[in-house]
Each structure stands twice: as C-alpha cells, then as structure tokens.
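# A closer look at the structure
Spelled out from the first residue to the last, the chains are:
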2 protein chains.
Amino acid sequence: MALPRWLERGMADLFPAGETDDADQSLAARLAEAEAAARPLRVKFGIDPTGSDIHLGHSIMFRKLRAFQDAGHTAVLIVGDFTARIGDPTGQSATRVQLDGKAVEANARTYLDQLRSLLDFDTPGRLEVRRNSDWLADLDLPRLIDLLGTATVGQMLAKDDFSSRHGDGKPIALHEFLYPLLQGYDSVAVNADVELGGTDQTFNIAMGRDLQRHFRQRPQFGLLLPILPGTDGVRKMSKSLGNTVGLREAPLITYSKLEKLPDAAVVPYVTLLTDLDPADLPRDPRQKQRAMALAVTASLHGAEAAHRAQADAATLVSGASATESAAVPAASLATVNFPAKAFYLLSAVGLCGSSSDASRQIRGGAVRLDGDKLTDPHQCFTAAADLDGRVLQLGKTKFLRLLA
Amino acid sequence: MALPRWLERGMADLFPAGETDDADQSLAARLAEAEAAARPLRVKFGIDPTGSDIHLGHSIMFRKLRAFQDAGHTAVLIVGDFTARIGDPTGQSATRVQLDGKAVEANARTYLDQLRSLLDFDTPGRLEVRRNSDWLADLDLPRLIDLLGTATVGQMLAKDDFSSRHGDGKPIALHEFLYPLLQGYDSVAVNADVELGGTDQTFNIAMGRDLQRHFRQRPQFGLLLPILPGTDGVRKMSKSLGNTVGLREAPLITYSKLEKLPDAAVVPYVTLLTDLDPADLPRDPRQKQRAMALAVTASLHGAEAAHRAQADAATLVSGASATESAAVPAASLATVNFPAKAFYLLSAVGLCGSSSDASRQIRGGAVRLDGDKLTDPHQCFTAAADLDGRVLQLGKTKFLRLLA
C-alpha cells in the first residue's frame, strides 16, 4: 500500500515504515483501516507554552496537521501547560523556564490564536486541544514508578543529547530522564495513532510507542518533518539565532526576508511551506526566490497581500518614489537641521519618541537605512539630498521613505 | 569531643566523622548540643514490611536503637508500607515483591510485635513509628521532579550495585534510581538527626543528607553497623541462605545454633549482640562459644531460659537419658515394627500426622536425627537398639528422644 502524496510531501522519516497490510506496521494500512471504519486517525502534536511567537519553522508542522484535517482526521494539539509550570527545578536549562499558571495560559491562548489561519478550527471533529495537566496532575507515585519502570538507564543514555553529555562527563539531572516519558505518556492519554515532530523527536516518539504498548494501546506512528533552516539558509530557524520569519510579521517584511533566502533553502521552503510543485519553479535563481517568497507569503497572508508585498518590496529596492508604494509612508526632511546625527534624525522624523530612545534603538540594532543596519547613534548625515528617497526602518514593521 | 562508648560499640562507620565543636560535622557535638537543649536526637531506621520474621542480623540495629533510647533519644522507625505496596513494577526484583495493603499491615504488626523485647515501647517520647505512606502518598509530580532534580545520573551510577550492573551491560530500570531518593526523602519527612543502617546503606543515607540540605534541614549523620555473619560464620545472615537465628525460635534452638558458631564470628556476635566485654571471654574456644551462646540467648530470652537451654543442649549432646532433660520429651519405640523406614518411624512415634506428611517433611529437609538431616524417606532402620537414646527432630521446635 502506498501513502497518499499529501502525507508524504516533505516527510523526513516515518516509523514503522512497513509496507504491509498490518495496520500496526504500515501507516498506509492504518489509514485504510480508519477509512473503512469511518474512524478518523488521531494525530498528535505537542506545543510548548513557554513562548508564544510562532514562526515558519513551527508552521511546517501545522501545515501537515492541516493536511490530515483536510483528509478527515483529527489533529490533537497537546498544550504542555503542566510541564511549563514545573520548568527545570535545577535552573540549569535555559529552555525549560518555569512559568506561573497565568503566563502559561496567556501564552497558550496567543499561540492558539495564531494557529487559526493554519488549522481547521471549525469543522466538527477535526481539532482537539488538550492540556497535559489534565492527566499529569493526577499522576501519583505508584503510576509514576510504573512509568519509570518501562525504560532503562541504558536506553536513556542512548538518546543523542544524553549520550554526548554523559560521554563528556557533563551532569544529567535525574528528572531530565522523566521528560521523554511524560511526553510519551501524553500519547497514551490521547490514544494517538500518529505523532508528528521534528527529526529531533525520534527518541521521544519511540518512547510514546513503548508506553502505549505498556498500557495495551496500539503504538503510534512517528511522522518526522525536517528542521526548517532559518533565513540564513543554514541554521535551524530559531528566535535566539534571529533568523526567523514570524507568523505575525507584516507581509512586506515576510516577503522581503524570504526573497533573499539562499538558493539551497528555496526548494525545502517550497516543499514544506507551499502547495507548489518545486518542479514548476523558474530556473533563474532570482526568479525562483521571488516565486517562493510570493507563494510562502500568500500561504500566510493570502494572495492579495502577498502580491502587494512583492510590489512594495520591488519599489523599495528600486528606490522609486514613495508614491509608488502604498505600504511605505513618506517623511519630509524639510524640518531637519543638517548636518544631522542619526539619533537626532530618527526623533526628528518621528520614528522614535526621543533622541535617547533613538540612541537606544540604534545600539540595539533595530534601525536600518535601505536595509543596512545603523550601529552608531552619532553617525553624521551632511545633507538632506544624501537621504532623499531612502528608506529608514525601525524594528520589523515601521518604515519611512525620506524625502528631501 | 569523644563519642560515648555505648554509641561507638560495634560501629563500622560514621559520617561525617569530624571531631570538632560543629554540631553539623561531629555527632559528639550534636549529642552535646541536644543534651544542652534537652532535645532528644531523632534516630531513624527503616523497616521493610515485605517479610515479617526478624533474625539476629536485624536485631543488631535494634540494639543500637535501644542504646539511643536508653540515653534519652527518640528511635524513629519508618515502616516502608508505601514502597512495599508498589513493589517492583518490572517484576525483575526478587526482593521487591508487591504486597497488598492488608498483607503489608499484617507484616508490619508482626514485625513490630517482635520488637517489643528489643525496644523501649513504653517510656514517652522514646519511640515513633511512622509509615512512609503518610508523606509518599501525597508526593505529586512537581515535587517528584524537584526530588529527581537533586541527583544526577552520574551520581546514581557511582552507587556500587548500579555501577557494576551498568559496567556489565545489565539493564537498570529507571524507577530503581528513585528508591534511594525516596528513602532519602523519608529522612526529610521525619527530620532525622541520625540514620542507622548496614554498611550497604552508605549511599542511601548520604542521599538523605543531600535531600535534607535541599529542603533546608540540617543533614543527618550516617551511623553504620557491620553486616552480621550467619551461623556459618561467613556469609551475611539471611533467610534465603538458611543461616539465621530467628527471634521467635525456642531458646534451646537458639543456643544450639550459636554454640556451634565458627570461632572468627564469636567476638563480633558478642560485640554486636551482648553487653559483655569480649576481653572477658574465656580463652578456650569451646568455652568461648558457650559463653557467647549463653549471653546472646539471654539477651533474647532472659537469663533463666538461656541457662535452661544451655543445660538442655548439654544433655542432648551427651546423649544422657531423656529424664535428665526437661526440654526433650521421650518416645518409646516399643510399638514400632522394625525394620522401619524413616517416613513410617516419624508417624509411628507421633511426630507427624501421617506417613505421607512424614515423607514430605523429610524431603523438605525438616527432619534431623541427632542433628544430622535425613534426606531419604525410605532410609531403613533395622532395630530399635540402633536408635535408643537418639534425638529425632522435626522443624526447629519439636524434639523426641527415642527409647528402645
């Protein structure tokens, strides 16, 4: 039996990957069985409410979940609220911040709001949002010992990150061994048929399979998607690396970041973030980048906004007059005294509230002129004519075209 | 500061063993501090209610606890009822049998009953009996993660038995790492000043110290006693090795087992199980054995019973007529038909209810003739004269002197 193309698209790995009629060994067989029984598959994906800004790197998961939804299955989102409230008791882990219940709930709501454009929230039976506190809060010591008894120390030390830390003699706190088990127990709690994850989730998803067997459930399939490279085209898209495209960023920003994406990342982006056939992309690298950027922006913000963003970006780059671009407001330099230092310029055109705020923003790397970062608040501009038609940018959403 | 002699007697190790005025580093200082504050020390010892028969190997702990009681301190007995009810979920451990609540409670009661002769149950404030279900039943996941976070994998793998198993590639289930932490948490729950244990408890007691520090308590001292050798004089006294002296055995059995103890074990027995000064023992090995056996039997059953047991044992060994010994009833062989097989003999003299019961007892190793085990139910005795004056024994408490 073959897997449907919507499912295979962009897939990095699937386990077990049996090509049999056995619905425990072959996902195609499990799909056929579900269809025959008119029972939707339960496709689990865990979200971590310690942060709330979703970027494209996350969205590839939700696109796959959406494809399952569109094929009639149930996306089961697990909000890791309980784990987020515990955090890392040793304070060693930067990624496991302890948050109070309110912050967790606020993050979860913001997170879910952003998913409204990606997932089907409306068709009955297509989405379940579950909080893992529902079952983890009741996990008492006997059940926890039972859970711990399903895995061995050797098995845990075989996990990539544990293995390298153990090898390097770096301490591993015992509770760290618990998290893969708790994630696995989530699969038991929601009786998952499939768990979706990045390629770094193989171990945890396999743990879920073991636990489901232990609790006499049918083990889930692990469906792995690649890790999306960031806008640098190389490293994992991650907020801390500053190479993300956020879902809430303006279409122009999104498009502008994407059309500069290094060539090697263009096909993965098209495969993972659009419905285009990569074979249909233009040959010319520049055209290819633009087609990808347009399609990805459209998938996030709609076709109309994407086309406007493409036009605006062209205008920005070509340096044509601001009247050509509806997206970029103009600011007159008539009232600015030259020579003008950068911090004064920003406050004089109203991009910042004060000169000191402007200095801070420049030092913080938030200010660009025609896309080039300004670094020195005291950089001096001698005449208005030197700045005429250029675009001053603050952060990711504020643009002004300067007019002499 | 020096430790009192009653405390040092038989001690295998003490940690920390500082000889300072610091009551966190020196047990002598902690004792002095307690005395000055008229506050008794809390001396913890854990008992495992998966079995119920106490033998001499256990009693050395209770003798030390009693010494603390007599010096005005509080013995805190922790009944591991919660852990016994969980058992070993993997079924791998022969020592961690899972018992239901009733069996645990029955064992605990039987166990505590036997301690009445060893501990001071009556003086107010000298004894606390606590069940660890009191605090472990409420241990939820966040507190458990906190607990696990206090220790590292490397630390656990340094423990003797884990280390050797890990080295040999034998699996260690994750929940096994939890037990030392739970035992340590018991110390927090009862705010122990001292934990008593065998030399195999160093790791677990040190874990208790770490946890007490984590929960901002003063860390306990670890007071270790040696492992008592069994009646073979070599291996640890243990029911499974059949080398025990039980607390509920008859004085005659106790004395008889003890007076055959190999010479090397005599001084440890005197040190750990009596108040005699080993220097006062007779030089002659046989006399030394008998003095030890008398003193140990007296400490368990009182001086009168011990002296009677010594006299009875002498009678048995010398083969004098049964009338000389009040403890061993006589049985006439007049009604027995010879040649007689062993199973028939036992039922004929009334030691067993039937020939088939007698066969079973012989096969089970419960029958002795003059102390030598019978193994074959069909062993044949040709004439009554061959058995005249000999002692037939069933189990540990039934004796008959055979008379032709």
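If you look chain A up in an unreviewed UniProt entry, it shows as Tyrosine--tRNA ligase from Aphanocapsa feldmannii 277cV. What UniProt records for chain A under Sequence similarities (unreviewed entry) is the sentence "Belongs to the class-I aminoacyl-tRNA synthetase family." Looking at the Catalytic activity (unreviewed entry) heading of the UniProt record, one finds this comment for chain A: "tRNA(Tyr) + L-tyrosine + ATP = L-tyrosyl-tRNA(Tyr) + AMP + diphosphate + H(+)".

### Looking at the environment of A103 of chain A
All names here are of chain A. Within the fold, A103 resides in helix α5 (residues 101–115). Given a relative accessible area of 28%, A103 falls into the partly exposed group. Each C-alpha atom, one on A103 and one on T271, is 35 Å from the other, the two residues being 168 residues apart in sequence.

### Things to note about helix α12 (residues 251–258) of chain B
Counting buried positions along α12 of chain B gives six out of eight residues, so the element sits mostly inside the fold. Restricting attention to buried positions, one finds in α12 of chain B the residues L252, I253, T254, Y255, S256 and L258 of chain B.

### Here we look at unusual backbone geometry
In most cases, non-glycine residues show a negative phi, while peptide bonds are predominantly trans. Each neighbour pair has its own omega, and for F15 of chain A with P16 of chain A the value is -10°, a cis peptide bond. Cis geometry marks the peptide bond from F338 of chain A to P339 of chain A; its omega dihedral reads 0°. Residue placement: P339 of chain A occurs in the loop between β7 (330–332) and β8 (340–341). One non-glycine residue, A38 of chain B, lies in positive phi territory at about 50°. With respect to the element layout, A38 of chain B can be found in the loop between α2 (27–36) and β2 (42–47). Positioned with a positive phi, N191 of chain B is a non-glycine residue whose angle comes to about 50°. Tracing the sequence through the fold places N191 of chain B in the loop between α10 (178–190) and β5 (194–198). Exposure remark for N191 of chain B: the relative accessible area of 39% places this residue in the partly exposed category.

### A few points about the sheet that holds strand β6 (residues 221–225) of chain A
Residue and element names in this part refer to chain A. Across the sheet, six strands lie side by side as β1-β6-β5-β2-β3-β4; this open sheet has mixed pairing. On the outer flanks of this sheet lie β1 (13–15) and β4 (127–131), each paired with one strand and no other. Direction aside, the axes of adjacent strands within the sheet are offset by 25° on average. In terms of strand pairing, β1 meets β6 through three bridges, oriented antiparallel. Counterpart to D13 in the pairing with β6 is L224.

### Regarding the pattern of salt bridges
Residues and elements named next belong to chain A. Per the stated rule, a full pass over the model turns up 52 salt bridges over all chains. In this structure, the salt-bridge partner of D193 is R30, at a minimum N-O distance of 2.7 Å. Here the residue D193 occupies a position in the loop between α10 (178–190) and β5 (194–198), and R30 occupies one in helix α2 (residues 27–36), the gap between them amounting to 163 residues. Here the two residues D193 and R30 agree in accessibility, since each one is buried. Its salt-bridge partner being R235, residue D232 comes within 3.2 Å of it at the nearest N-O pair. The exposure class of D232 is partly exposed, given its relative accessible area of 25%. Owing to a relative accessible area of 44%, R235 belongs among the partly exposed residues under this scheme. What emerges from the salt-bridge pattern is a single network uniting D24, R30, E33, R39, D193 and R218.

Definitions and cut-offs
Residues numbered from 1 in each chain as written. Chains lettered and ligands numbered in written order. Predicted model: local features only at pLDDT ≥ 70, side-chain atom pairs only at ≥ 80, totals over all residues. Heavy atoms only, no water. UniProt positions renumbered as here; feature names shortened; annotations may be inferred. Helix = DSSP H or I, 4+ residues; strand = E, 2+ residues; numbered from the N terminus. Buried < 20%, exposed > 50% of the residue type's maximum accessible area, 1.4 Å probe, protein only. Pairing = 2+ DSSP bridges. Axes fitted to C-alpha atoms, helices over the stretch in contact; angles between N-to-C directions. Salt bridge = Lys/Arg side-chain N within 4 Å of Asp/Glu carboxyl O.

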